[in-house]
Amino acid sequence: MDRESGGTLPEMAEIWQETLNWQPTIEQGNQLQKLYDLIVLANRQINLTRITEPKEFWEKHLWDSLRGVAPQQHFLPELNAAGSIIDIGSGAGFPGLPIGIVFPHYQVTLLDSTRKKVNFINSAIEKLTLSNATTILGRAEEIGQQTPYREKYDLAVIRAVASAPVCSEYTLPLIKKGGLAIIYRGTWTQEENQNLEHAANILGARIELIDRFTTPLTKSVRHCVYLKKVLHTPISFPRPVGVPIQNPLC
Ligand code: SAM
């Protein structure tokens, strides 16, 4: 395969087949293309993402979003069994929107604290006629303390929001005991690992798997860190807005 390709959806579909063992249906292909068009259009008015060049978009937004949950890549039964998933700090809708398009068996909730981003995601959900996606406008610290959301999700995903210990405090209170939190990272160091182990332990979870991989076109290194929730999260977490960032659990 010519790794200089990947500028178009059909070329990307070939790469997805090779690397994720999955090809989009015609409808999914149309939805993914439409998502790209909607983002490029909306980006003229609001600052949604700096990644708008097609090749970069397919790799860094779409492929990367799907790689974290592509079930055949990991031997985590929780991924196949999952029904509800929350994406915390979705921004323009990543990784939640591609996951919703490609995995219709997930009911996806996209949470962000910025109104204009949630407005964009709502309009994308409507235009893509995605029946398995919904949004919440709010802060993870507050939503994680509210009964309708606390310990209600099978999976949580979080990408490019904060350090790993902060991400663990945002995600773990929202997932059920037995569920998984997936933290999408670029590099991953021994020190980060130690800090996250400590935070996860306080929050009732353990590191289940660290998956290191490279992206298919630019060969950039990525990690997905999978946390398994084994105990209920103590009620004092998440702490009030801003505290996890100011005083991370590490
Ligand atoms: N996850 C997307 C991605 O990977 O492209 C967007 C990442 S963007 C850099 C971080 C997003 O997290 C922003 O849209 C911001 O509003 C949101 N965010 C940051 N802290 C948050 C919090 N405590 N609760 C909810 N959303 C938060």
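Residues numbered from 1 in each chain as written. Predicted model: local features only at pLDDT ≥ 70, side-chain atom pairs only at ≥ 80, totals over all residues. Heavy atoms only, no water.

Right, let's talk about the overall build of the chain for a bit. Looking only at helices and strands, the chain features 10 helices and 7 strands. Since a compact globule built from 250 residues should have a radius of gyration of about 18 Å, the 17 Å found for the chain is in line with a globular shape. Based on the C-alpha atoms only, the size of the chain along its principal axes is roughly 50 × 35 × 30 Å. Looking at the chain as a whole, 57% of its 250 residues qualify as buried. Of all intrachain contacts in the chain linking residues separated by at least 6 positions in sequence, the fraction that spans at least 24 positions is 68%. About 10,800 Å² of surface is accessible on the chain, with carbon and sulfur atoms providing 51% of the total. The averaged location of the 25 negative side-chain charges in the chain is 5 Å from the averaged location of its 25 positive side-chain charges. (Helix = DSSP H or I, 4+ residues; strand = E, 2+ residues; numbered from the N terminus. Rg over C-alpha atoms; globule rule 2.2 N^0.38 Å. Buried < 20%, exposed > 50% of the residue type's maximum accessible area, 1.4 Å probe, protein only. Contact = heavy atoms within 4.5 Å. Areas by Shrake-Rupley, 256 points an atom, 1.4 Å probe, with all protein chains shown as cover. Lys, Arg positive; Asp, Glu negative; His and termini not counted. Charge placed at Lys NZ, Arg CZ, Asp CG, Glu CD.)

Another aspect to go through is the nonpolar core. Membership of the largest hydrophobic core comes to 52 residues, with the highest contact counts inside it found for W16, W58, V69, L79, I99, Y106 and I182. Counting residues in each nonpolar core, the second largest holds 29 residues, with I158, A162, V166 and A205 among its members. (Core = buried A, V, L, I, M, F, W, Y, C linked by side-chain atoms within 4.5 Å.)

A separate point is helix α6 (residues 115–127). If you check α6, its first and last C-alpha atoms are 18 Å apart, about what 13 residues at 1.5 Å a residue would give, namely 18 Å. If you check which residues of α6 are buried, you get V118, F120, I121, A124 and I125. Angularly, the buried residues of α6 cover 155° about the axis, an arc narrow enough to put them on a single face. Seen from the open side of α6, the exposed residues pointing more than 90 degrees away from its buried face are R115 and E126. Summarising the contacts, the buried residues of α6 are in contact with α2 (26–42), α5 (96–102), β2 (107–112) and β3 (133–137). Where α6 terminates, the next one or two residues include T129, which has phi positive at roughly 45°. (Expected span 1.5 Å × (residues − 1). Arc of directions from axis to C-beta.)

One way to put it is that helix α8 (residues 164–171) packs onto helix α9 (residues 190–203) with a least axis distance of 8 Å and a crossing angle of 20°. In terms of their interaxial angle, α8 and α9 are classed as roughly parallel. The interaxial crossing formed by α8 with α9 has right-handed handedness. Contacts from A164, P165, S168 and E169 of α8 reach α9 at N195, L196, A199 and L203. When grouped by side-chain class, the residues that make up the contact of α8 with α9 number 5 nonpolar, 2 polar and 1 charged. (Axes fitted to C-alpha atoms, helices over the stretch in contact; angles between N-to-C directions. Parallel < 35°, antiparallel > 145°, perpendicular 65-115°, else oblique. Left-handed = near helix turned anticlockwise from the far one by under 90°. Nonpolar A, V, L, I, M, F, W, Y, C, P; charged D, E, K, R; others polar.)

Before going further, it helps to spend a moment on the UniProt feature "binding site: S-adenosyl-L-methionine" (unreviewed entry) in the chain. The UniProt record annotates "binding site: S-adenosyl-L-methionine" (unreviewed entry) at G89, F94, D112, S113, T114, A140, E141 and R159. Mapped onto the elements of the fold, D112 is located in strand β2. With near-sequence residues (within four places) excluded, D112 lies in contact with G89, S90, G91, K117, V118, I136, L137 and G138. Only 2.9 Å separates the side chain of D112 from the backbone nitrogen of T114, close enough to count as a polar contact. Tracing the backbone through its elements, the reader meets E141 in helix α7 (residues 140–143). Every residue in contact with E141, bar those within four places of it in the chain, is listed here: Y170, P238, R239, P240, V241, G242 and P244. There is a polar contact of 2.8 Å between the side chain of E141 and the side chain of R139. (UniProt positions renumbered as here; feature names shortened; annotations may be inferred. Polar contact = N/O pair within 3.5 Å; in protein donor to acceptor, adjacent residues only side chain to side chain.)

The next point concerns the site of the ligand. Lining the immediate environment of the ligand, one finds 17 residues, of which G89, F94, D112, T114 and R159 sit closest. Between the ligand and F94 there is a distance of 2.7 Å, counted from a nitrogen atom to a backbone nitrogen or oxygen. S113 places a main-chain nitrogen or oxygen 3.3 Å from a nitrogen atom of the ligand. Burial of the ligand by the surrounding chains reaches 79%, relative to a free accessible area of 600 Å². (Near = heavy atom within 4 Å.)

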